Amino acid sequence: MPTLNGVPLSCEEILDRYGAMVYRLAVQGTGSPVDGEDVAQEVFVSLIQSDPRFTDELHLRAWLVRATANRCRSWGTSAWRRHTVPLEPGWDAPAPAAAESGVLEAVAALPAKYRWPVYLHYIEGYTAEEIGTILRCPRNTVLSRLQRARKKLKDALKEEWT
């Protein structure tokens, strides 16, 4: 059982606190709600099996974000995924509102090295220093990637609106 400051955390407590965050990250990383569910499930199974000891909430959140990012990366390169064909595109998710669809598509189209910092910063509210710790890169690299991602998003959205 994972512990936080020496206090055991129950599976229900972990899922209640962090289930939505891990699921959002997994959907963002895979691009599909169904695949996101699979990745999120794998992250929580890994958490329970590895039985880690966390020093504080930030440590636990960082572990979950990092584990989710790693699972998404593994999912993207798995042999299973390369040999499957999706059903109709978007069959399992409701279409986003028209005003939001361009932004969501533009963020999803970013390369992973830009998409993760954007998501962690703007959606999850992490600072550049925290993102650097999670993604294992320097703070200034995170800031550069955020700046480049904003430029790419601006260019992509400018084309859409003109």
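Relevant structure appears above.
Draft legend 1. Summary view of the side chain of Arg115. Positionally, Arg115 belongs in helix H6 (residues 112-123). Look at Arg115: it is buried, it has no salt bridge, and the nearest opposite charge is Asp35 at 12 Å. With sequence-adjacent residues up to four places away left out, Arg115 is seen in contact with Gln28, Gly29, Val107, Ala108 and Leu110.

Draft legend 2. Representation of the nonpolar core within the structure. By size, the foremost hydrophobic cluster in this structure holds 41 residues, and its most contacted members are Met21, Leu64 and Leu120. Of all the secondary structure elements, the ones that give two or more residues to this core are helix H1 (11-30), helix H2 (33-50), helix H3 (57-77), helix H5 (98-109), H6, helix H7 (128-135) and helix H8 (139-161). With eight residues, the single largest contributor to this core is H3. Ignoring anything within four residues of it in the chain, the contact list for Met21 reads Arg61, Leu64, Val65, Glu124 and Tyr126.

Draft legend 3. Region of interest: the sheet that holds strand S1 (residues 3-4). With mixed pairing, three strands are arranged side by side in an open sheet as S2-S1-S3. A single partner strand is all that each edge strand has here, and the edge strands are strand S2 (7-8) and strand S3 (53-54). Pairing geometry for S1 and S2, over two bridges, is antiparallel. Looking at the pairing, Thr3 lines up with Pro8 of S2.

Draft legend 4. Quick peek at the packing of aromatic side chains. Following the criterion strictly, the structure yields one aromatic pair and no others. For the ring pair Phe54 and Trp63, a centre distance of 6.1 Å and an interplane angle of 70° mean the geometry is edge-to-face. The exposure class of Phe54 is buried, given its relative accessible area of 3%.

Draft legend 5. Representation of the pattern of salt bridges in the model. Taken as a whole and judged by the stated rule, the model has five salt bridges. Of the charged contacts in the structure, one is a salt bridge between Glu13 and Arg17, with a shortest N-O distance of 2.8 Å. Taken together, the residues Glu13 and Arg17, both in helix H1 and four residues apart, mark about one turn of the helix. Of the residues examined, Glu13 reaches a relative accessible area of 28% and is grouped as partly exposed. Judged by relative accessible area, which is 39%, Arg17 ranks as partly exposed. Within the structure, one salt-bridge network assembled from shared partners comprises Glu13, Arg17 and Glu57.

Thresholds, definitions, all that
Residues numbered from 1 in each chain as written. Predicted model: local features only at pLDDT ≥ 70, side-chain atom pairs only at ≥ 80, totals over all residues. Heavy atoms only, no water. Helix = DSSP H or I, 4+ residues; strand = E, 2+ residues; numbered from the N terminus. Buried < 20%, exposed > 50% of the residue type's maximum accessible area, 1.4 Å probe, protein only. Lys, Arg positive; Asp, Glu negative; His and termini not counted. Salt bridge = Lys/Arg side-chain N within 4 Å of Asp/Glu carboxyl O. Contact = heavy atoms within 4.5 Å. Core = buried A, V, L, I, M, F, W, Y, C linked by side-chain atoms within 4.5 Å. Pairing = 2+ DSSP bridges. Phe/Tyr/Trp six-rings, centres within 6.5 Å; stacked < 30°, edge-to-face > 60°.

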